[in-house]
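One-letter residues, chain by chain:
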Amino acid sequence: MEMIKSVQQLGQIMVNKIGTAVQEECWVVGLSTQMAVLIMQRVALGSVDHVDVQPRDIFRPLIAMNVYGFVLIHNHPSNNLNLSENDEKFKIQIEICSKIIQCHFLDFIVVTRQEFISQRSINRMPQISLAEVILPFTDSVGLC
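Keep in mind that what you see is a predicted model, and the values were worked out from it rather than measured.

Draft legend 1. Molecular detail of unusual backbone geometry. Backbone geometry at Asn79 places phi at a positive 70 degrees, although glycine is not the residue there. Examined against the element boundaries, Asn79 turns out to sit in the loop between strand S3 (69-75) and helix H3 (85-101). Overall, the relative accessible area of 35% leaves Asn79 in the partly exposed class. A positive phi angle is found at Gln102, which is not glycine, with a value near 60 degrees. Among the structural elements, Gln102 can be located in the loop between H3 and strand S4 (104-111). We classify Gln102 as exposed; its relative accessible area is 63%.

Draft legend 2. Region of interest: the nonpolar core. Ranked by internal contacts, the top residues of the largest apolar core, which has 22 residues, are Val53, Ile58, Leu62, Phe70, Leu72, Ile94 and Phe108. Of all the secondary structure elements, the ones that give two or more residues to this core are strand S1 (25-31), strand S2 (37-45), helix H2 (55-64), S3, H3 and S4. Aside from chain neighbours lying at most four places away, what touches Leu62 is Val28, Gly30, Ile39, Val67, Phe70 and Cys103. Formed by 13 residues, the second largest nonpolar core is a distinct cluster that contains Leu10, Met14, Val15 and Leu31.

Draft legend 3. Expanded view of the packing of aromatic side chains. Scanning the entire structure with this criterion turns up 3 aromatic pairs. Aromatic side chains Phe59 and Phe70 sit 5.4 Å apart centroid to centroid with 80 degrees between the ring planes, which places their arrangement in the edge-to-face category. Taken together, the residues Phe59 in helix H2 and Phe70 in strand S3 connect sequence positions 11 residues apart. Pair check on accessibility: Phe59 and Phe70 agree, each one buried. Three or more aromatic residues joined by ring pairs form one cluster here, namely Phe59, Phe70 and Phe105.

Cut-offs used in this document
- Residues numbered from 1 in each chain as written.
- Predicted model: local features only at pLDDT ≥ 70, side-chain atom pairs only at ≥ 80, totals over all residues.
- Heavy atoms only, no water.
- Helix = DSSP H or I, 4+ residues; strand = E, 2+ residues; numbered from the N terminus.
- Buried < 20%, exposed > 50% of the residue type's maximum accessible area, 1.4 Å probe, protein only.
- Core = buried A, V, L, I, M, F, W, Y, C linked by side-chain atoms within 4.5 Å.
- Contact = heavy atoms within 4.5 Å.
- Phe/Tyr/Trp six-rings, centres within 6.5 Å; stacked < 30°, edge-to-face > 60°.

So this is what it looks like as structure tokens:
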């Protein structure tokens, strides 16, 4: 499998692959500990201005391939690199799920026709600990 050497490399691959798509798409790239691509798969296809993605659709292929971590890639046919409010909420939801199953959410990349932006590179990835995720459940049953 192909090795991912940089965010720039992956971003450019995905600009070439889905940058000119007329519908929003969400792709997942599952990586080994050495950043070898184990899986690159579209997990959702939407309309011109949104895509509905369920966490189970993202994690199913990742778990099956026993990946170390993953990158989500989402295109914006509008050519706007900014995340919508729904994109921001989705990013947090995926981070929570990734903590629970211990599969590292490495980056969330948005691509347009000619460029991309990595949320990790601009320090916009959620910082959620596993303790924060499980505390409401364990505290209510007296485990903490």
